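# Geometric and topological summary
For reference, the chains in residue letters:
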Amino acid sequence: MLNARRLFCLALAGIALAWMVAAGQAVADDAPLPQNDKVMHLGVASCASSTCHGAVTSFTQSTVLLNEYVTWVRKDKHAKAYEVLLNDESKRIARNLGLKNAHEADLCLDCHADNVPAAQRGPSFQLSEGVGCEACHGGSEKWLSSHAVGPPHAENISLGLYPTDDPVARAELCLSCHFGNKDKFVTHRIMGAGHPRMSFELDTFTQIQPAHFVIDEDYRKRKQVSDGVQLWAVGQAVAARELLAALTDPKRNRDGMFPELVLFDCHACHSSMSKVDWRPTSTGNRTPGMPHVNGASLLMLRIVADAVEPARGKAMAGKIRALHKAASQGMPQMVSAARDLRVLTDELVQKFASHNFDADAMQAILGGLIKTGLEGEYADYAAAEQVAMAMDSIIAAMVDAQMVSDAKARKLQTALDAVYNAVDREDSYSSWRFNKALKGMQGAIAS
Ligand code: HEC
Ligand code: HEC
Ligand code: HEC
Ligand code: HEC
């Protein structure tokens, strides 16, 4: 559907019908991340004119909102990601790491800006725009002028638009900065220098990011849509895969004489010495006096697998146990157990990407999250935090699908608030208090 405003936008951009010639099959899974694509990034200004994506209010006759720029610049923290590199906190981190400054260090810019090589920056590209449109949507050199006439989504993708609607590709994109990947990583050294701890969950963070797109009927015709539970499950599977990739990567799994500590549960070391309450867990993730791998995403993945594919869930449980055991034995043992687990995790990523999480699956996952907690598995803060975000995603999906009455939805929301309260403060987290909140949730579900 074309309209006057879009045509004007096109006139400005110069109508190019390259997409008609360059038609090709979309290869979502193989798409390089925007930071690694080999095309020109033209900068936010090239998307932001008032006739393109810079309208002040949304424009109802268009298939897209056209006020994406205004939402991003006014509300989205990504627009401030470069600016934070100039603040006192970043100055301190840079000083502690012996960097000249943070805002010129690739180490920081790789996640706080669209840090493509200089030769790939167009004339109006500004590094100071932070995590701009092309840091997520890909360099626009080949699709900028054609995408607005409305070629099929697959054709835009074949011209280098990153497939942000594909759940696996989206998870890989967000996690590349919110967890790190082989090219960029917040190590324990960087955290020790003052970088905040990172936590991420795809569906919750998709909800928190100020929305610059709407999923309406027209969107559903053009693109892939993943409901909240699928986005959550795929996000967990990809997060688990990224964790295992880091554990098997010799560049990231060690630092000096120590393993890379950022891959371990922070509170295994960062807790008061008067707190002596070591207990074994049924998943065998703990050995007395040893730090343990932060297995929160693995645990979540096992719970989803248990609910939708019990056989793989069981296999997963065994392999997670083996990984934790191996991590207490030595680096080669740990790497080999992590490799083994990765095969199964890869299968689950593929499986969840096309799985339909129906009402039964949602109930089973919610039940699994509670049961696992009551068995004593959420001794780690990081696991409890993931559980709170998981319940949020599932309850929101149940409400959206009108699986529960309004009265029950209110009860579930109250119970969810209590779950969030129990992970409110990381330093005083108590699994006893968390489990009390889980019992409250169990009551709300049964009501
Ligand atoms: C692997 C990606 C990555 C790297 C590398 C990285 N950061 Fe970050 N940084 C993030 C993410 C993601 C957040 C937001 C965390 C959140 O809110 O969940 C963040 C948050 C921050 C914050 C807090 C921002 C706020 O709004 O309070 C500061 C300050 C910061 N980073 C500075 C730095 C500095 C300085 C460097 C370089 C030494 C650096 N970062 C390297 C990804 C990264
Ligand atoms: C942090 C990542 C991120 C940034 C930064 C970002 N986007 Fe998006 N954008 C997304 C995601 C995720 C979607 C939803 C998936 C999809 O539709 O492909 C989306 C969707 C869109 C859509 C599609 C709406 C539809 O109906 O098809 C447009 C248009 C868009 N973004 C424009 C922009 C513009 C313009 C900017 C910069 C001002 C921007 N985005 C910045 C992640 C981002
Ligand atoms: C190029 C790196 C990069 C990518 C890709 C990226 N982010 Fe971010 N994100 C950041 C940084 C850096 C911050 C912190 C910015 C700040 O605090 O100023 C951040 C902050 C956020 C926040 C705000 C968190 C808070 O504490 O308020 C949300 C939500 C978020 N990102 C969601 C996403 C989602 C969803 C995706 C994928 C669609 C994504 N991000 C992709 C780098 C990235
Ligand atoms: C195996 C033990 C261990 C694990 C696991 C661990 N740390 Fe540390 N951490 C240390 C040690 C040791 C120091 C250095 C203390 C010193 O400077 O004397 C430290 C220092 C720090 C500091 C600087 C504290 C200061 O005094 O300024 C921060 C922040 C930090 N760690 C965060 C984390 C986070 C976040 C995690 C989890 C992602 C984590 N650590 C996991 C052992 C650990």
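## Looking at the overall build of the protein chain
On a plain count of helices and strands, the protein chain comes out with 19 helices and four strands. Expected size for 447 residues packed as a compact globule is a radius of gyration near 22 Å; at 23 Å, the protein chain falls within 12% of this value. Over its C-alpha atoms, taken along the principal directions, the protein chain stretches across nearly 70 × 55 × 40 Å. With 447 residues in all, the protein chain has 48% of them scored as buried. Once local pairs closer than 6 in sequence are excluded, the contacts in the protein chain between residues at least 24 apart make up 73%.

## Some remarks on the coordination of the iron atom of ligand 4
At the metal site, the iron atom of ligand 4 is ligated by His188 (NE2) and His270 (NE2), and these contacts range over 1.9 to 2.0 Å. Every donor counted, the six donor atoms about the iron atom of ligand 4 form angles of 87 to 179° at the centre, which fits octahedral coordination. Placement of the pair is His188 in helix α9 (residues 188-192) and His270 in the loop between β4 (258-259) and α13 (296-308), with a sequence separation of 82 residues.

## What about the coordination of the iron atom of ligand 1?
Taken together, the protein ligands of the iron atom of ligand 1 are His112 (NE2) and His195 (NE2), with distances of 2.0 to 2.1 Å. For the iron atom of ligand 1, the six donor atoms are set out with angles of 84 to 179° between them, so the coordination reads as octahedral. Here His112, found in helix α5 (residues 106-112), pairs with His195, found in the loop between α9 and α10 (202-208); they are 83 residues apart in sequence, far enough to count as distant.

## Examining the domain arrangement of the protein chain
In terms of domain boundaries, the protein chain breaks down into domain 1 (4-162) and domain 2 (228-446). On a C-alpha basis, the centroid separation for the pair domain 1 and domain 2 is 33 Å.

## Comments concerning the site of ligand 3
Around ligand 3, 17 residues are found, and the nearest of them are His78, Cys111, Cys174, Cys177 and His178. The contact in question runs from an oxygen atom of ligand 3 to an N or O atom on the backbone of Lys77, over 3.5 Å. The contact in question runs from a nitrogen atom of ligand 3 to an N or O atom on the side chain of His78, over 2.8 Å. Where the shell around ligand 3 is concerned, the elements lending two or more residues are α5, α8 (167-178) and α10. It is α8 that contributes the most residues to the shell around ligand 3, five residues altogether. For the shell around ligand 3, the per-class residue count stands at nine nonpolar, five polar and three charged.

## Some details on the nonpolar core
Within the largest apolar cluster, 80 residues are counted, with the highest numbers of intra-cluster contacts made by Phe352, Leu369, Tyr378, Met391 and Phe434. Residue contributions to this core peak at 13 residues, all from helix α12 (residues 228-248). The residues touching Phe434, leaving out its near neighbours within four places in the chain, are Tyr378, Ala384, Val387, Val419, Ala422, Val423 and Tyr429. In this structure, Leu85, Ala94, Cys108 and Leu109 belong to the second largest nonpolar core, which totals eight residues.

## A look at the site of ligand 4
Around ligand 4 sit His188, Met191, Gly192, Arg197, Leu261, Val262, Phe264, Asp265, Cys266, Cys269, His270 and Pro291, and those are all the residues in its vicinity. Within the side chain of His188, an N or O atom sits 2.8 Å from a nitrogen atom of ligand 4. Here a nitrogen atom of ligand 4 and a side-chain polar atom of His270 are 2.7 Å apart. The residue makeup of the shell around ligand 4, split by class, is seven nonpolar, three polar and two charged.

## Some details on the environment of Phe125
Mapped onto the elements, Phe125 comes out in the loop between α5 and α6 (133-137). Note: C-alpha distance between Phe125 and His41 (84 residues apart in sequence) is 6.9 Å. Not counting residues up to four positions away in its chain, the partners in contact with Phe125 are His41, Leu42, Gly43, Asp114 and Val116.

## Overview of unusual backbone geometry
Located in the positive-phi region is Leu66, a residue other than glycine, with phi close to 70°. Tracing the sequence through the fold places Leu66 in the loop between α2 (18-21) and α3 (68-75). A positive phi angle, near 55°, is found at Gln402, a position not held by glycine. With respect to the secondary-structure elements, Gln402 resides in the loop between α17 (381-400) and α18 (406-422). Gln402 gets classed as exposed once you look at its relative accessible area, which sits at 70%.

## Focus on the packing of helix α16 (residues 359-374) against α17
When two helices pack together, their arrangement is given by the angle between their axes and by how far apart the axes lie. Orientation of α16 relative to α17, taken along the N-to-C sense of each, is 155°, at an axis distance of 10 Å. The pairing of α16 with α17 is recorded here as roughly antiparallel in orientation. Relative to α17, the crossing made by α16 is left-handed. Residues Met362, Gln363, Ile365, Leu366, Leu369 and Ile370 of α16 pack against Val387, Ala390, Met391, Ile394, Ile395, Ala397 and Met398 of α17. Residues belonging to the contact of α16 with α17 are distributed by class as follows: 12 nonpolar, one polar and no charged.

## Section: the side chain of Arg302
For Arg302, the position within the fold is in helix α13. On the accessibility criterion, Arg302 (11% relative accessible area) is buried. With residues near it in sequence (within four places) discarded, Arg302 still touches Thr283, Gly313, Met316, Ala317, Ile320 and Thr372.

## A look at the packing of α13 against α16
Contact geometry for α13 and α16: axes closest at 9 Å, N-to-C directions at 135°. Regarding the angle of α13 to α16, the classification is oblique. The interaxial crossing formed by α13 with α16 has right-handed handedness. Taken together, the residues of α16 that come into contact with α13 (itself represented by Leu299, Met300, Arg302, Ile303, Val304, Ala307 and Val308) are Ala361, Ala364, Ile365, Gly368, Leu369 and Thr372. Across the contact of α13 with α16, the residue classes break down as 10 nonpolar, two polar and one charged.

## Some points on the packing of aromatic side chains
Throughout the structure, instances matching the rule amount to eight aromatic pairs. Aromatic side chains Phe213 and Tyr219 sit 6.3 Å apart centroid to centroid with 25° between the ring planes, which places their arrangement in the stacked category. A relative accessible area of 6% places Tyr219 in the buried class. Taken together, a centroid distance of 5.6 Å and an interplanar angle of 75° make the contact between Tyr381 and Tyr429 edge-to-face. One end of the pair, Tyr381, is in helix α17; the other, Tyr429, is in the loop between α18 and α19 (431-446), with 48 residues separating them in the sequence. The pair Tyr381 / Tyr429 is uniform in exposure class, with both members buried. Members of the aromatic cluster, joined through ring pairs, are Tyr378, Tyr381, Tyr429 and Phe434.

Calculation rules
Residues numbered from 1 in each chain as written. Chains lettered and ligands numbered in written order. Predicted model: local features only at pLDDT ≥ 70, side-chain atom pairs only at ≥ 80, totals over all residues. Heavy atoms only, no water. Helix = DSSP H or I, 4+ residues; strand = E, 2+ residues; numbered from the N terminus. Rg over C-alpha atoms; globule rule 2.2 N^0.38 Å. Buried < 20%, exposed > 50% of the residue type's maximum accessible area, 1.4 Å probe, protein only. Contact = heavy atoms within 4.5 Å. Donors = N, O, S within 2.8 Å, 3.2 Å for Na, K, Ca; no water. Tetrahedral: all angles 85-135°; square planar, octahedral: opposite > 155°, others 65-115°. Domains from an automatic or database assignment. Near = heavy atom within 4 Å. Polar contact = N/O pair within 3.5 Å; in protein donor to acceptor, adjacent residues only side chain to side chain. Nonpolar A, V, L, I, M, F, W, Y, C, P; charged D, E, K, R; others polar. Core = buried A, V, L, I, M, F, W, Y, C linked by side-chain atoms within 4.5 Å. Axes fitted to C-alpha atoms, helices over the stretch in contact; angles between N-to-C directions. Parallel < 35°, antiparallel > 145°, perpendicular 65-115°, else oblique. Left-handed = near helix turned anticlockwise from the far one by under 90°. Phe/Tyr/Trp six-rings, centres within 6.5 Å; stacked < 30°, edge-to-face > 60°.

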